[in-house]
Amino acid sequence: MSLAVAFQMDPIESINIDTDSSFMMALEAQRRGHALFHYHPRDLSLTGNRLQARVRELAVERKRGAHYRLGESKLVDLKSMDIILMRQDPPFDMAYITATHLLEHVQPDVLVLNDPKSVRNAPEKLFVTHFPDLMPPTLITSDKQAILDFRAEHKDIIVKPLFGNGGAGVFHLKPDDENLGSLLELFTQLYREPVIVQKYLAEIRQGDKRIILIDGEPAGAVSRMPQEGEARANFHAGGSAKKTELNAREREICAAIGPVLREQGLLFVGIDVIGDYLTEINVTSPTGIQEINRLDGSQLEVTLWDAIERRYEANKRG
């Protein structure tokens, strides 16, 4: 089975081939004989109900400095594709949301993963609020007094932008920290959205666990360890990878959210767990494949493509 697979993602030349999950997905798709195409969300054009994009044929190779080859740009009807993988990085802003609306015009003729409607309805820090029994004490608000009351109750808190990513803008404030007022003023200047405030989880010192779920089932995990003096464990914030296994609580979390992910067409998902709590459900452009592969000797991209092809066959049958 040879499929036409389009990667809607950031510029291929800028990726880190040692960490990028989309690169691994492309390598495995190419190994299976699928034809690869690349385009950026800004290359999309909608005329009436016809969605087009300026795409370029793509070939990839694990060779630093020469990891990709792109063909000539050509305008194509995206319904000519079999699968479109929405893999551009956040921020989850209006440009991101617009791309999800546009991609709905090729469904169900084309399998789009993750499902754009579900991606639009599942921002990572908001989607998790539908599982209140799994998450830490959390407040989402623009009300300064509500934040002060939350801090008085929980003492150590984390304050972060609602639609941030990669650990950017995450602050740990202790009870005696006098910067909360200034920080809220700064957030008000930078963002129109409410902020998210959570009880600080001291278990972050033992790592923030990234768990990859494929079609609703846990496929692998890695502990992201924060640097000394750092409250963030994200890889983008300098966190390091440590081998790990799932415990009973983490399997309980996966079992609780897995059916919802499958139902909503969220086939490739990365969740973040600190201690006993689910903190985020990442559906936009999850990462972690390469780190888990190196530590576990696994090939998550193979498992992922098996699931994608199953979903494609099911989609074709209707």
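Here, every reference points to the structure presented above.
Residues numbered from 1 in each chain as written. Predicted model: local features only at pLDDT ≥ 70, side-chain atom pairs only at ≥ 80, totals over all residues. Heavy atoms only, no water.

(A) Up close: the pattern of salt bridges. If you walk through the whole model with that rule in mind, you get 22 salt bridges. Ionic pairing is found between Arg224 and Asp272, a salt bridge with its closest N-O pair at 3.0 Å. Placement of the pair is Arg224 in strand 14 (residues 217-225) and Asp272 in strand 16 (residues 268-274), with a sequence separation of 48 residues. In terms of burial, Arg224 and Asp272 fall into one category: buried. Connected through salt bridges with shared partners, the residues Glu28, Arg31, Arg32, Asp306 and Glu309 form a single ionic network. (Salt bridge = Lys/Arg side-chain N within 4 Å of Asp/Glu carboxyl O. Helix = DSSP H or I, 4+ residues; strand = E, 2+ residues; numbered from the N terminus. Buried < 20%, exposed > 50% of the residue type's maximum accessible area, 1.4 Å probe, protein only.)

(B) Looking closely at the sheet that holds strand 15 (residues 240-242). Within the open sheet, the five strands sit side by side as 15-14-13-16-17. Their pairing is antiparallel. Of all strands in the sheet, those with a lone pairing partner are strand 15 and strand 17 (277-282), marking the two edges. Between one strand axis and the next, the sheet turns by 30° as a mean value, whatever way the strands run. By the bridge criterion, six bridges tie strand 13 (residues 208-214) to strand 16 in an arrangement that is antiparallel. From the neighbouring strand, Ile212 faces strand 16, where its bridge partner is Gly270. Each of strand 13, strand 14 and strand 16 is contacted by helix 9 (residues 300-317), which is oriented at about 35° to strand 13, the strand it contacts most. (Pairing = 2+ DSSP bridges. Axes fitted to C-alpha atoms, helices over the stretch in contact; angles between N-to-C directions. Contact = heavy atoms within 4.5 Å.)

(C) Summary view of the sheet that holds strand 9 (residues 138-141). Across the sheet, which stays open at both edges, the four strands sit in the order 9-12-10-11 with antiparallel pairing between neighbours. Two strands bound the open sheet, and with one partner strand each, they are strand 9 and strand 11 (171-173). Adjacent strand axes in the sheet meet at a mean angle of 20° when their direction is disregarded. Sheet analysis places strand 10 (residues 157-161) next to strand 11, joined by three bridges and oriented antiparallel.

(D) Expanded view of the nonpolar core. In terms of nonpolar packing, the biggest core is built from 44 residues, with Tyr39, Leu78, Met81, Ile84, Ile271, Leu278 and Ile281 touching the most fellow members. Ranked by residues supplied to this core, first place goes to helix 2 (residues 94-103) with five residues. Those residues within four positions of Leu78 in sequence are excluded, and the remaining contacts are Tyr39, Leu44, Leu51, Gln52, Ala53, Val55, Ile84, Val106 and Val110. Counting residues in hydrophobic clusters, the runner-up holds 32 residues, among them Leu3, Phe268, Leu300 and Ala307. (Core = buried A, V, L, I, M, F, W, Y, C linked by side-chain atoms within 4.5 Å.)

(E) Looking closely at the packing of aromatic side chains. Inspection of every chain in the model, using the stated rule, returns five aromatic pairs. Ring plane angle 20° and centroid distance 6.0 Å describe the contact between Phe92 and Phe163, whose orientation is recorded as stacked. Linking Phe92 in the loop between strand 7 (83-86) and helix 2 with Phe163 in the loop between strand 10 and strand 11, this pair joins segments that are 71 residues apart in sequence. What makes Phe92 buried here is its relative accessible area of 11%. (Phe/Tyr/Trp six-rings, centres within 6.5 Å; stacked < 30°, edge-to-face > 60°.)

(F) Structural detail: the pairing of strand 17. Of all six residues in strand 17, five are buried; the element is thus mostly enclosed. Pairing between strand 16 and strand 17: five bridges, direction antiparallel. When the sheet's bridge partners are listed, Ile271 is paired in strand 17 with Ile281. Linking two consecutive strands that pair antiparallel, namely strand 16 and strand 17, is a turn of two residues; a positive phi of about 60° is found at Gly275 within it.

Keep in mind these numbers describe shape, not what the thing actually does.
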